[in-house]
Amino acid sequence: MIRQSVSHRGSVVGAVALIAGLASFMPTGAGAQTPATGRVAGRVVDKATGRSMASVRISVVGKAGVVESDLDGRFRTPLVEAGSYSVRAALIGFKPVQVDSIKVTAGQTTTISLALEVAPIQLEELTVASDAPTRISSSAGLLAAQQNAMAVVDGISAETISRTADSDAGQAVLRVTGLSVVENKVVVRGLSERYSNSQLNGVEIASPEPDKKFVSLDVFAASLIESIIAAKTATPDRPGDFAGGTVDIQTKEFPDNFIFSFGMSQGFNSRSTFKSFARTPRSGSDFLGFNGSGRGFPLVAPGQNLGERFSEALTNIWTPKSTKAGPDGGVDFAIGGRKDFGGDALGYIMSVNYGTSRGYNPDRYDAEGEAPTRFEESSERIELAGVGNLTYRLGGNQKFGFKNFYSRSSEEVVRVGVGGDNGDGTSLNYQVSYVQQYVTQSQLTGDHFFPGLGNSRVEWKGSYGQAERGDLDNRQLRYFDNGSGYVLTNRRPQFRGTNNLVDKSYSGQVDWSLPFGLRAPGDALLKVGGLYRRKNRDFDAISLELVAGPDLPVSYLSLPPEELLAPENLGPGRLSYTSLPILTPYVGTDRVSAGYAMADFELLPAVRIVGGARVEKWYAQLIEGAGAGIGAERIQTDVLWSTNLTYSMSATTNLRAAAYRTVARPDLRELSTGGYPAVVGGPPVIGNPDLKAAGILNADLRFEVYPAAEELFAVSLFAKRFTDPIVTTYRDAGGVVIKPDNGTKATSLGAEFEFRKRLGFLSSRLQPFLANGNVTLIRSRVTMPAFLGIYADDLEFQGQSPYLVNLGLTYTPGKPDLSVSVLFNRFGERIVRYPAASGAGLAAGANIVERPRSALDAKVKLGFWNKLSVSLSGKNLLNSRRDLTFDRVLNDEPSVRILGRSLTGMSFSMGLSYAY
C-alpha cells in the first residue's frame, strides 16, 4: 500500500532523544567556566593557497602555555582572564604573525583567523591589528576563502543569510552571483537545474523529485546553514556531471562557543491570511507533515475492475468547507558547543526547525499546452527539518565526524476552475492533491594528518541518503458544458492516481594529499583519490479511471462531486473505477565509479596552477513493469580534464583562467517509456529510452579584487559548448505530453559582474552601509534535430535567461545591535519548454516561456541585552506574479495566450529569538 508509505516517525523520536542527550553538555553555572575568563580560538591557513596549516605554534603573548593547530588549522588557547591580548603564530619556514588588540570576553571564545606567508629565510614577524572574526560563516571569512580557492567560486555566508528575509536555502542562493531558482531548483549561470549538481557537506544528495536529480532547496532551513558555496569551474577532485556549477550546502559543525537558541515567528500573507480558503480535514500527525489522515489507496493490477467496496473507501472530498486561513508560523531550536578531554575535543550541534504556511490564489491560470483554466486554488504546506552533527578530534592529527540531516514536508492543494475550449467544450474542473516527501542523509567522515609521511593527509567519507516522495491521492474530475449546464462525461478520462518514489544513495570516497616542494618546501600539493556512488530508485504507481455506466440516471451526472460519488451511486453499471496502465512502475540503478589525480603548485612566482584529470565510469539500468526486462541500459566512460590558473597580481588582486570538460547525464526517470501526470493538472510527462548524455566544453576568465575584509569587485567571462544537450519538449500525441530529447548542439556565452563595497569612501557617516550586487548577462543558442521540426535559427537555450540581477543594501551601525537589509532580484524571460512538430520538416510552433519577474525583500533585526532579538521581514514586496505564455507575447496578450499564472502575494513576518 502507498497509504502510509512515507512514514519516518522513528527519525523524529531519535532526534528528540539526541537533543536530550546533548542537553547534558550544557554549561551549568560557575562550574562550567570561570566567569572572569575566556579563550581565543581560530584557524591558521597558508596565505598563498588558502590551505589549512597543522602544527603551527600558537601562544597568547605574556601568558604561559603554547598550543598547536590541528589538521584543519584550528586552535583553541587555554583560559585567560578577560581583557585585551596579542596572539602569536609561528612555524619554521614561515614569517611569524602576531595579531594585537584581541578582546577576550568573560565566558566566551573570541574567534580569529591567521594567515602565514612562506619565508625561506627567517624574517621579522608581521604584526596586524585585530579585526572582527573571519570564520567561514562570516562574509569576510567566506570572501577570504574565495580569494584563495583553487577554482572560481562564489557563495553566501550564514552571517549574510541572517540579514535577509530568507527562510531556506532556495531563497538564500538568489543572493549568489549567477544563481537563480526555478520551482525550488537552483539555476547556475542561467542553465536549467539538470546542468547543476547539489551537494550536502560535499556529498550528493538523494532526490525526492520524480524527474530531476536536483533536490528542492526549500527543504534546507536557513538557520541550519554555515555557508552555500557555488563552484563554477571544475577541479579533478569534484564530480564531473555539471555544466553550470556545483552548489555545496555546508551545515553547521563545530562551534567555538556554546550555542543555545530558540526562536518563533508569525507571518502574514496579503493573499491568504485571514481569507476564506478550502481546507481538507486534518487529523493525527498531519500537522508534522506525516499522512495522519490515511490518504492513498492500495495498488492494483492494470485493467482490473475494482469492486464497490474499494470505490467506497476512496476519499470523497472535492470541495472542502471554507475556513479562515491562519497566519504562517514557525519555531526553531538549536543547541551546540564543544567539550575538551585533555588533548581531544568533541563538537556537537543539533538544530530543529518547523514551519507552516498557507496560500490562496483565486485567479490562477494553468494549462501548459491545453486551453487555459482559471482556478481558485488553496494550499497548505508543512515543513520539518533538523541537523545533528558530532565531530571528535583525537589529538591534533585525527578527526572523525558523524553528520546527519533530515527534512520532511507535505503540501495539499485544492483547486476548482473553469477551463477554455479544447475542441470538446468548456469544462468545470475539480482537482485535489496531497504530496509528502522527506530527505535524510547520514555521513561518517575521517580526516588524518601524518607528519611522519611527508605531512600527508588522508580524508575519507561514507554516506547513506534516502529520499521519498508520495503523491498519495492526485484526483481530478471534469464536467463539460452541454449547453444547459456542466455534466460529467467519458469524453476525457476522469483520472485518479497515487504513486510513490524511493531514492536511496550510497557513496564512499577517499582522498590522499601529499605536499611537496618546487620553489619552497611544501608549496605544492599532489592529490589523488577515488569515489564510488550507487543510486537505487524504485517507482511504484497506479492510476484509476472513473467510468459512468448505463444504470446511472443521466440527471445524476450534473450532481456536485460529493453527491455524485456518494456510496449509493458506486457499483457495477453505475459509477466504477478501473485501473489504467498510465503510470509505469520501474526499478532503476545508477552507478558512478571515479578516480582522479591532480596537482596544485606555483609554476612561477604568483602563478598558481591546479590541474589534472578525472575518469568516471557511468552505468545506468532501468527495468519497467513487473518482469518486463531491461527497458534501458547505459555504459559510458568519460575522461574529464581540467586546468585552473590563478595569477596573483597583488595581495588583493587575482586573475583566473580555467578550461575543463564536464558531462550532463539523463536521470533514471527520463529513460523510462512510461508517463506520469503533473502533481495537479497539466499534461503528463513521459521518458525517452534513447536519451544520451550531453558533453560540455567550458572556459572561464575572471578578474577579482578584494580591497578589504568585506569587499569584492569581480568581472567574469565564460563560454560553454554542448554536444547532445538535453532539453524538454511538448507535443500532441493523442493529447499533449512532455518529453526529454537531445538537441544537436548548444552554446552559452556570458559575463558576470559582482561588487561588495562599504560606502564609507563617500562619507564617514555611510560606513555602516554595505552595498552589494551582481549582474549576469548571457547569450545562448541551441540547434534542434530535424525530426523534431523546424526551429528559428536564433533559438535560445532552454532555461537560460538573458540576464540575472541581484542588488542589496545592508545597514549595520554596530550600536545598537541593529541590521537593516533591502534586497532586489530579477531575471529575464526564459524558455521553459520547446514545441515538437507533428512530423519532420514541419514548423515546430511556439515555445513556452516564463516572463521576466522581479522580487524585492527587506528585513530589520534588532538585538536586546546581547541575547534577545526581534526581526521584521517582508518578501515579494513588489507582489510580482509568475506568468507562462507562448513565445514573445509581450503586450496586450489575449487570454488564450496565458498558459500559467500565479500570484503568491506579499508576505510579512515577525520573529522573536533568544540566543545564549
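Predicted, not measured: the structure shown is a model, and the values here were computed from it.

Chemist: It is not clear to me how the overall build of the protein chain should be interpreted in this structure. Could you clarify?
Modeler: Tallying secondary structure elements over the protein chain gives six helices and 50 strands in all. Counting all 916 residues of the protein chain, 56% fall into the buried class. Long-range pairs, those at least 24 residues apart, make up 71% of the contacts in the protein chain with a sequence separation of at least 6.

Chemist: Help me understand the pairing of strand 22 (residues 373–394), please; the structure alone is not making it clear to me.
Modeler: Every regular strand shows the same layout, with side chains that alternate between the two sheet faces. Summarising burial for strand 22: 16 of the 22 residues are buried, a large majority. As defined by bridge partners, strand 22 adjoins strand 23 (residues 398–419) across 22 bridges and the pair is classed as antiparallel. For E380, the partnering residue across the bridge sits in strand 23 and is E412.

Chemist: Help me out: how do you make sense of the nonpolar core in this one?
Modeler: The nonpolar side chains of a soluble globular protein tend to be buried with one another. Among the nonpolar cores identified, the biggest contains 34 residues, and Y195, F722, M784, Y791, F797 and Y834 are the most heavily contacted of them. Elements that contribute at least two residues to this core include exactly strand 28 (524–548), strand 30 (586–604), strand 31 (607–624), strand 36 (694–705), strand 38 (726–732) and strand 44 (830–835). Ranked by residue count, the leading element in this core is strand 31, at three residues.

Chemist: Just to check I follow, could you spell out unusual backbone geometry for this structure?
Modeler: The bulk of non-glycine residues show a negative phi, and the bulk of peptide bonds are trans. Positive phi, normally seen in glycine, also occurs at N455, with a value near 55°. Mapping N455 onto the fold places it in the loop between strand 24 (427–450) and strand 25 (456–481). Despite not being glycine, A606 shows a phi value in the positive range, around 75°. Here A606 lies in the loop between strand 30 and strand 31. For A606, a relative accessible area of 26% translates into the label partly exposed.

Chemist: I would appreciate a short explanation of the confidence of the model for the protein chain in the present structure.
Modeler: Keep in mind that low pLDDT regions are not for reading the predicted coordinates in detail. In the predicted model, the protein chain carries a mean pLDDT of 80, and the fraction of residues at 70 or more is 80%. A low-confidence stretch, residues 28–34 stays under pLDDT 50, and its non-local contacts, those more than four residues away or across chains, total six contacts. pLDDT under 50 marks residues 163–168. Its contacts with residues more than four places away, or in other chains, come to 29 contacts.

Chemist: Got a minute to help me understand the packing of aromatic side chains in this structure?
Modeler: Geometrically, a pair of aromatic rings is defined through the distance of the ring centres and the angle of the planes. Applying the stated criterion across every chain yields a total of 10 aromatic pairs. Centre to centre, the rings of F268 and F274 are 6.4 Å apart; their planes meet at 45°, and the pair counts as tilted. An angle of 45° between the planes, with centres 5.8 Å apart, marks the rings of F864 and W865 as tilted. Take F864: its relative accessible area is 32%, and that puts it in the partly exposed class. In this structure, R669 packs its charged tip against the face of F539, placed 5.7 Å from the ring centre.

Chemist: Sorry, what's going on with the pairing of strand 16 (residues 245–251) here?
Modeler: The buried fraction of strand 16 amounts to six of the seven residues, a majority that puts the element mostly inside the structure. Here strand 13 (residues 196–200) pairs with strand 16 via five bridges, running parallel. By the bridge assignment for strand 16, N197 is matched with T246.

Chemist: Could you clarify how one ought to interpret the pattern of salt bridges in this entry?
Modeler: Close approach of charged atoms allows side chains of opposite charge to pair. As enumerated under the stated definition, the model contains 37 salt bridges in all. Among the ionic pairs, R271 bridges to D363, the shortest N-O distance being 2.8 Å. Placement of R271 in the loop between strand 17 (259–269) and strand 18 (276–278) and of D363 in strand 21 (residues 344–366) is noted, with a sequence separation of 92 residues between them. Here R271 falls in the buried class, since its relative accessible area comes to 16%. Within the structure, one salt-bridge network assembled from shared partners comprises R279, R282, D286, R295, R358, E380 and E412.

Chemist: Where do I start with a nonpolar patch on the surface in this structure?
Modeler: A cluster of nonpolar residues, L645, Y647, M649, L655, L701, F703, F713, L717, F755 and L807, forms a patch on the protein surface that exposes about 820 Å² of accessible area. Among the elements of the structure, strand 32 (630–650), strand 36 and strand 37 (712–723) are those that each provide at least two residues to the nonpolar patch. Take the nonpolar patch: its biggest share by element is three residues, from strand 32. Position of M649 relative to the elements: it lies in strand 32. Exposure remark for M649: the relative accessible area of 43% places this residue in the partly exposed category.

What counts, and at which threshold
- Residues numbered from 1 in each chain as written.
- Predicted model: local features only at pLDDT ≥ 70, side-chain atom pairs only at ≥ 80, totals over all residues.
- Heavy atoms only, no water.
- Helix = DSSP H or I, 4+ residues; strand = E, 2+ residues; numbered from the N terminus.
- Buried < 20%, exposed > 50% of the residue type's maximum accessible area, 1.4 Å probe, protein only.
- Contact = heavy atoms within 4.5 Å.
- Pairing = 2+ DSSP bridges.
- Core = buried A, V, L, I, M, F, W, Y, C linked by side-chain atoms within 4.5 Å.
- pLDDT = per-residue confidence, 0-100.
- Phe/Tyr/Trp six-rings, centres within 6.5 Å; stacked < 30°, edge-to-face > 60°.
- Lys NZ or Arg CZ within 6 Å of the ring centre and 35° of its normal.
- Salt bridge = Lys/Arg side-chain N within 4 Å of Asp/Glu carboxyl O.
- Patch = residues over 30% accessible without salt bridge, like charges linked within 9 Å, V, L, I, M, F, W, Y side chains within 5 Å.
- Areas by Shrake-Rupley, 256 points an atom, 1.4 Å probe, with all protein chains shown as cover.

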